[in-house]
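Descriptive analysis of the structure
Residues per chain are reported as follows:
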Amino acid sequence: MAGSILGNEVRRVEDPELLTVGGRYVYDHHAGGMCHAVFVRSPIAHAVIEAIDTAEAAGAPGVAAVCTAADLGLAPHPVYVKVADEFARSPLAVDRVRFVGEAVAVVVAETLAQAVDAAELVEVDYGRLPAISDAEAALVPGTPVVFDGRPDNVATQITDPPGHDPLEGAAHVVRGRYVNQKLAAAPLEPNSCAAIPGSDGRMTVYCATQMPHLSHTLLAAALGWEPQRLRFIAPHVGGGFGAKAGLHHEHTVVTALADRLGRPVTWTPGRSEDMVTLAHSRAQVQYAELGVRDDGTFTGLRVRLVGDAGAYPDLGTMLPAGTRRMSHGTYAFGAIRFDVVTGVTNTTPMGAYRGAGRPEAAALLERLVDQAAIETGIDPIELRLRNFIRPDEFPFDTLTGLTYDSGDFALSLRRAADLAGYDDLRASQQERRARGDVRQLGIGVASFVEVTASGLSAEFGAVRIEPDGGATIRVGTSAHGQGHHTTFAQIVSARTGISVERIGFIQSDTDLVPRGSGTGGSRSLQVGGTAVANATDLLVERAQRLAAHLLEANPDDIVLDVTAGTFSVAGVPARTVDWATLAASIDSAPDDVRGEPTAAEIQAAERGEPIDPGLAAQLDFDQVHATFPFGAHIAVVEVDTETGEVHYLRHIAVDDAGTVINPLLFAGQQHGGIAQGAAQTLFEEVVYDADGNPQTSTLMTYLFPSAAEFPSFEVHHTVTPTPLNPLGAKGIGEASTIGSTPALQNAVIDAVAHLGVRHIDMPMSPQRVWEAIAAARAGNAADPWREPPEIFAAMAAGQEADPEGLAAADSI
């Protein structure tokens, strides 16, 4: 991309507004007569609702309404995907609560303070029921069921049919029980919603969501409204990370209240409320086995995985299936057998979190490979290189039903090793071990491949020229910090010569953008960016015809100077027309000059959807297939063997997401991804007690790290373009989260492996690390393996593979 703005660092055009006047989030939207909603939530994990007394609350100062499920009459509906009829959750609990934080009533008042005070006056009588907070315990036969009418607490299960034994022919079988702990997304802006009724009978809903068009569709269905009655807008959104995908039940309630009262209603929870109501994620227990031959090559992989579905199985039940899909990883396995079961618990429902099933796959694979390196005495990097899928094998069909588009896994790992000074690090480690230093050096390696734009491969894009010669983009993605305005403007600028600063951006408004799949699964650049690129190419074609008409030349002879943003006849550069001239001339141009409309433009006219006037183009792009970014990370730590404290020294990331449009934004995604992945390794965990009471519902107890806890990340990239879109781009939004977690976990364990430590679960707190060291020194090092729960034997005996579970996972 020499000589092009593409591939160059361009500072975000979004930032001046955020840094000066500030963004405008849901909480900042006000309207005349706006009321505040506050939910009354269950303090008990599992109980029958015996009575609700709202009389005192209804008479409190400023109260406009106090409603229960019986008052609103809203039907149960899923947040994102339907698992089973029994699991559908009512927006307000009807007769039973199943987790601490489930809403049983809602108060609407003139001010937030009045609503909070009145909510305290709602009296609810609960009849306690047995609660279960652990997914493995939930699956034990005889455990009380969370849902009456269900024979057990199984939410979903996938069982591979009998086949080739993945461990056959192995000289070494490496086994481990790995806990991928429960996490909270904890976006800086909580889940929020405001509904404003209009005088025309329509309702405008502002929502902190990643997918406004999906939320629009789900909300209209939940309320039984025609879609045209709703306008759905995602304003500035303060982080999502997967947890803000889909329609949350509070959004349905707030909209129904605004319609019922004929007044605007807004809701933004406090941090503690958000921590127990916004979806949690990860929460897998992985029983994993790897077969290794004497030469270090792998025979196959055997995994039995228990996932926590939370109280109302939804999207979270699909994520372990996604882990299964990605379990082939970067390695040439001969066979894979992977069984999954998810259990219902009395905890916050589960959903997506940055990576959504893929980090869990990389974590189990990379722990197994590092254990295998210790078992065989082969260096961790050499062992990986011996087992990688070769570059000449792409496109590569995995044993789990995916097709990797392109890759060179050894390239990124070798570069990471060079950048880290790997051989010198190993030499320093050996010196410390020989001296018996208190602070031991650990070097952690992780290689990964992930999937992006899976099941969300189509997107809308439009570009129009403004009267002043600038341009405006409309697109169906929904940025909330990713820098879409900047990146998409670069794509348009490179094709038109219009400067990035003169290119406007419209997104996240269902009245202004007719359709879109929002932002999730690291899809936006490759599908949304390509839609914008293709629309721009069509726009330029139309402009060339118009310029030919104005310059009295053949369209084939018209050239665009992208350095000046002008059109001229080839060989006659003195006569030019610019974008402003073309924009002013399009309406008077003959039909044959204006050109044929696209299918998207014809459909928009038929449906009465917005169509850009003047010189413009709009279309849809469908990539059809997913892309597979990959990379390698190396983490370097010191572990104090007397205290268990981990000193995080370095982190080297080499990620490959195909063509890079803006290296600055690419690096920003790497930095954020590494931080979130490392936070899981060292700090973060959602904890419940045995009765289902949350123990980590504040940022005093949920260890949310700051930049002070991390080193300066060393981020780099290689470029292996995908053939699936003309940009050659894959997704980078989640890649570094996937690579960083196992690299850092492996580093900590590597620092103390010479003492006999073989595994330490996350988060790797000083106490947990110290206990592992103490046990190893006492000759009682913990065995990382124990036998999987009995349910897997029953599944193997009586079940065949579940294709529906796999199909659902493919849409994530």
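Report on the accompanying structure. (Residues numbered from 1 in each chain as written. Predicted model: local features only at pLDDT ≥ 70, side-chain atom pairs only at ≥ 80, totals over all residues. Heavy atoms only, no water.)

Quick word on helix α13 (residues 422–435)
Here α13 spans 20 Å end to end across 14 residues, near enough to the 20 Å set by a 1.5 Å rise per residue. Along α13, the residues that are buried comprise Tyr422, Leu425, Arg426, Gln429 and Arg432. Down the axis of α13, the sector holding all buried residues measures 120 degrees, keeping them to one side. Turned more than 90 degrees off the buried face of α13, the exposed positions are Asp423, Asp424, Ala434 and Arg435. Those residues of α13 that are buried are in contact with α11 (380–387), α12 (409–420), β18 (439–449), β26 (630–640), β27 (646–656) and α20 (735–752). Looking at the residues trailing α13, positive phi occurs at Gly436, about 75 degrees. (Helix = DSSP H or I, 4+ residues; strand = E, 2+ residues; numbered from the N terminus. Expected span 1.5 Å × (residues − 1). Buried < 20%, exposed > 50% of the residue type's maximum accessible area, 1.4 Å probe, protein only. Arc of directions from axis to C-beta. Contact = heavy atoms within 4.5 Å.)

Some points on a negative patch on the surface
On the surface, a cluster of negative charge is contributed by Glu50, Asp53, Glu56, Glu123 and Asp125. Going through the elements one at a time, β2 (47–53) and β6 (123–128) are the ones with two or more residues in the negative patch. Mapping Glu56 onto the fold places it in helix α2 (residues 55–58). Judged by relative accessible area, which is 48%, Glu56 ranks as partly exposed. (Patch = residues over 30% accessible without salt bridge, like charges linked within 9 Å, V, L, I, M, F, W, Y side chains within 5 Å. Areas by Shrake-Rupley, 256 points an atom, 1.4 Å probe, with all protein chains shown as cover. Salt bridge = Lys/Arg side-chain N within 4 Å of Asp/Glu carboxyl O. Lys, Arg positive; Asp, Glu negative; His and termini not counted. Charge placed at Lys NZ, Arg CZ, Asp CG, Glu CD.)

Re the side chain of Thr156
Residue position: Thr156 is located in strand β7 (residues 154–158). Here the side chain of Thr156 touches Thr342 through a polar contact of 2.6 Å, side chain to side chain. Discounting residues that sit within four places of it in the chain, Thr156 has contacts with Val83, Thr317, Met318, Val340, Val341 and Thr342. (Polar contact = N/O pair within 3.5 Å; in protein donor to acceptor, adjacent residues only side chain to side chain.)

So, the pattern of salt bridges
Between side chains of opposite charge, a pair can form as their charged atoms come close. Enumeration over the complete set of coordinates arrives at 44 salt bridges. Arg390 is paired through a salt bridge with Asp392; the nearest N and O atoms lie 3.1 Å apart. Among the salt bridges present, the one from Glu466 reaches Arg464, with a minimum N-O distance of 2.8 Å. Among the charged side chains, a salt-bridge network with shared partners connects Arg202, Arg231, Asp509 and Asp511.

Comments concerning the packing of aromatic side chains
Under the criterion given, the structure shown has 21 aromatic pairs. Between Phe567 and Trp579, the aromatic rings sit 5.0 Å apart at their centres with planes inclined by 75 degrees, giving edge-to-face as the arrangement. On the criterion of sequence distance, the pair formed by Phe567 in strand β23 (residues 566–569) and Trp579 in helix α16 (residues 579–585) is long-range, its members being 12 residues apart. As far as the burial class goes, Phe567 and Trp579 line up, both buried. A centroid spacing of 6.5 Å and a plane angle of 65 degrees characterise the contact between Phe683 and Phe710, whose relative ring orientation is edge-to-face. Here Phe683, found in the loop between α19 (663–682) and β28 (714–717), pairs with Phe710, found in the loop between α19 and β28; they are 27 residues apart in sequence, far enough to count as distant. When its relative accessible area of 22% is taken as the criterion, Phe683 is described as partly exposed. Put simply, the rings of Phe298, Tyr331, Phe333, Phe388, Phe394, Phe396, Tyr404, Phe409, Phe628 and Phe630 pair up and form one aromatic cluster. (Phe/Tyr/Trp six-rings, centres within 6.5 Å; stacked < 30°, edge-to-face > 60°.)

As for the nonpolar core
Leu290, Leu364, Tyr404 and Ile634 are the most contacted members of the largest nonpolar core, which totals 54 residues. Top element by residues in this core is helix α10 (residues 358–376). It accounts for 7 residues. Residues in contact with Leu364, not counting those within four places in the same chain, are Tyr178, Gln286, Ala288, Leu301, Val303, Thr323 and Phe338. By size, the runner-up hydrophobic cluster in this structure holds 42 residues, among which are Ile465, Ala533, Leu560 and Ala583. (Core = buried A, V, L, I, M, F, W, Y, C linked by side-chain atoms within 4.5 Å.)

Regarding the sheet that holds strand β1 (residues 35–41)
Read across the sheet, 7 strands follow the order β3-β5-β1-β12-β9-β10-β11 without closing on themselves; strand pairing throughout is mixed. Because the sheet does not close on itself, it has two edges, and the strands there are β3 (63–68) and β11 (230–233). Each strand of the sheet is rotated relative to its neighbour by a mean of 20 degrees, with strand direction disregarded. Looking at chain direction, strand β9 (residues 193–197) and strand β12 (residues 265–267) are connected through 3 bridges and run antiparallel. By the bridge assignment, Cys193 is partnered in β12 with Trp267. Strands β1, β3 and β5 (103–109) of the sheet are contacted by helix α4 (residues 112–119), whose axis makes an angle of about 25 degrees with β1. Relative to the sheet, helix α6 (residues 212–223) contacts β10 (203–207) and β11, its axis offset from that of β11 by approximately 145 degrees. (Pairing = 2+ DSSP bridges. Axes fitted to C-alpha atoms, helices over the stretch in contact; angles between N-to-C directions.)

So, the packing of α10 against α20
In contact at an axis separation of 8 Å, α10 and α20 are set at 30 degrees when each is read in the N-to-C sense. Regarding the angle of α10 to α20, the classification is roughly parallel. Relative to α20, the crossing made by α10 is right-handed. Listed contacts from α20 to Arg358, Pro359, Ala362, Ala363, Glu366, Arg367 and Asp370 of α10 are Ile738, Pro742, Gln745, Asn746 and Ile749. Split into classes, the residues belonging to the contact of α10 with α20 amount to 6 nonpolar, 2 polar and 4 charged. (Parallel < 35°, antiparallel > 145°, perpendicular 65-115°, else oblique. Left-handed = near helix turned anticlockwise from the far one by under 90°. Nonpolar A, V, L, I, M, F, W, Y, C, P; charged D, E, K, R; others polar.)

What about the packing of helix α14 (residues 484–496) against helix α15 (residues 524–551)?
Between α14 and α15, the least distance of the axes is 9 Å, while the angle of their chain directions is 30 degrees. Between α14 and α15, the angle is such that the two are roughly parallel. Helix-helix and strand crossings are classified by hand; for α14 and α15 the assignment is right-handed. Listed contacts from α15 to His484, Thr487, Phe488, Ile491, Val492, Arg495 and Thr496 of α14 are Ser524, Leu525, Gly528, Gly529, Val532, Ala533, Thr536, Asp537 and Val540. Across the contact of α14 with α15, the residue classes tally to 7 nonpolar, 7 polar and 2 charged.

Here's the deal with the sheet that holds strand β22 (residues 558–561)
Spatially, β22-β23-β24 is the arrangement adopted by the 3 strands of the open sheet, whose pairing is antiparallel. Whereas interior strands pair on both sides, the edge strands pair on one side only; in this sheet they are β22 and β24 (572–578). Sheet twist, expressed as the average angle between the axes of neighbouring strands with direction ignored, equals 35 degrees. For β22 and β23, the ladder comprises 4 bridges, and the chain directions are antiparallel. Bridge assignment links Ile558 to a residue of β23, and that residue is Val569. The strands that α15 touches are β22, β23 and β24; relative to β23, the one it contacts most, it runs at about 55 degrees.

Regarding the environment of Phe39
Structurally, Phe39 can be placed in strand β1. Overall, the relative accessible area of 6% leaves Phe39 in the buried class. Between the alpha carbons of Phe39 and Asn725 there is a distance of 46 Å; along the sequence they are 686 residues apart.

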